[in-house]
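What the coordinates show
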Amino acid sequence: PVKAKIGPSILNADLSNLACESQKLLDNGADYLHLDVMDGNFVPNLTFGHPMVKSLRNKIKTAFFEAHMMVQNPEQWIEPMADAGVNLYTYHVEPVEDVAKVSRQVQDAGMKVGLAIKPGTEVKDIEKYIDMVDVVLVMTVEPGFGGQSFMADMMPKVEWLRENYPNLDIEVDGGVGPKTIECCAKSGANMIVSGTAVVGAPDQGQVIRQLRDVVQS
Ligand code: DX5
Ligand code: ZN
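Because the structure is predicted, anything quoted here is derived from the model rather than measured.

**Topic: the site of ligand 1**
Around ligand 1 lies a shell of 22 residues, among which Ser 9, Pro 143, Gly 146, Gly 195 and Thr 196 are the nearest. Contributing elements (two or more residues each) for the shell around ligand 1: strand S2 (33–38), strand S8 (191–194) and helix H7 (196–199). Residues that form the shell around ligand 1 fall into these classes: 7 nonpolar, 13 polar and 2 charged.

In structure tokens, the structure reads:
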């Protein structure tokens, strides 16, 4: 069976202190870092791009970095993100015409590939690509902002994926924390992104352990 992994989202951390914030999350037991890249076009918000990720990589040598690419043209950022030290390039299928081609480009650039779907996109729409990718990310909020509430009605997507792909890494992102983790775990998610619930907690380590325990049990 697939391993539980907790990947805090640094979106709502103090971005002027990104290296310290990230190191603190890793010291508190994070399995990987989920870096939310937004282009102000695919989503109505703007965060950071590959120069920031590269700077972070210079300070944090070994951690596993996922770039969650909420961008209109994911093809454009494959090489720069690979060069910046990203390990997993998770992009949204909605604006992409040739998903097979882009996924291959990501792998050729030396990264693992993740496919992300917005709440309005069905798993059936990506079914034919699942065998080509490493991770499927089921969004549990509309992408764009941290701190939104979890959409439990996305769980049938996770359940369907787990039933049909027992070994797939299935990631959930948006409104996930101690109150919603049981629902995610029961449905079969194993890669858990959590932003505000972890970053804002007085004891990050305790929340990360709690999330992992629920997924593993
Ligand atoms: C939403 C982002 C998420 C989100 C996570 O567009 O992709 O990673 O910020 O933050 P919380 O856990 O606060 O929803
Ligand atoms: Zn995200």
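There is more to say, and it comes next.
**Side note on the UniProt feature "binding site: a divalent metal cation" (unreviewed entry) in the chain**
The sites that carry the UniProt feature "binding site: a divalent metal cation" (unreviewed entry) are, in the present numbering, His 34, Asp 36, His 68 and Asp 173. These annotated residues cover 140 residues of sequence, and their C-alpha atoms all fall within 10.5 Å of one another, placing them together at a single site. With respect to the element layout, His 34 can be found in strand S2. Judged by the 27 C-beta atoms lying within 10 Å of it, His 34 falls in the buried class. Excluding anything up to four places from it in sequence, His 34 contacts Gly 7, Pro 8, Ser 9, Glu 66, His 68 and Val 193.

**Some thoughts on the sheet that holds S2**
Spatially, 8 strands are ordered S1-S8-S7-S6-S5-S4-S3-S2 in an open sheet, and the strand pairing comes out parallel. Two strands lie at the open edges of the sheet, namely strand S1 (5–8) and S2, each paired on one side alone. Within the sheet, the average angular offset between the axes of one strand and its neighbour, ignoring direction, is 25°. Bridging between strand S5 (residues 112–117) and strand S6 (residues 135–139) involves 4 bridges; their strand directions are parallel. Each residue of the ladder has a partner; that of Leu 115, found in S6, is Val 136.

**Details of the environment of Gln 216**
Along the chain, Gln 216 turns up in helix H8 (residues 204–216). Take Gln 216: there are 11 C-beta atoms within 10 Å of it, and that puts it in the exposed class. A C-alpha to C-alpha distance of 9.5 Å links Gln 216 and Val 2, two positions 214 residues apart in sequence.

**Describing the pairing of S6**
Within S6, 4 of the 5 residues are buried, which leaves the element mostly enclosed by the surrounding structure. Looking at chain direction, S6 and strand S7 (residues 169–173) are connected through 5 bridges and run parallel. Counterpart to Leu 137 in the pairing with S7 is Glu 171. Read as a crossover between parallel neighbours, the route from S6 over helix H5 (residues 155–164) to S7 is right-handed.

**So, helix H1 (residues 18–27)**
Where H1 is concerned, the buried positions are Leu 18, Glu 21, Ser 22 and Leu 25. Across the axial projection of H1, the buried residues extend over an arc of 95°, all falling on one side. Structural note: H1 exposes Cys 20 and Asp 27 on the side pointing more than 90 degrees away from its buried face. Structurally, H1 contributes buried residues whose contacts are with S1, S2, helix H2 (50–59) and H8. Just past H1, the residue Gly 29 takes up positive phi, approximately 105°.

How each quantity is defined
Residues numbered from 1 in each chain as written. Chains lettered and ligands numbered in written order. Predicted model: local features only at pLDDT ≥ 70, side-chain atom pairs only at ≥ 80, totals over all residues. Near = placed C-beta within 6 Å. Helix = DSSP H or I, 4+ residues; strand = E, 2+ residues; numbered from the N terminus. Nonpolar A, V, L, I, M, F, W, Y, C, P; charged D, E, K, R; others polar. UniProt positions renumbered as here; feature names shortened; annotations may be inferred. Buried ≥ 20, exposed ≤ 12 C-beta atoms within 10 Å, placed from the backbone. Contact = placed C-beta atoms within 7 Å. Pairing = 2+ DSSP bridges. Axes fitted to C-alpha atoms, helices over the stretch in contact; angles between N-to-C directions. Right-handed = clockwise from strand over helix to strand, strands pointing away. Arc of directions from axis to C-beta.

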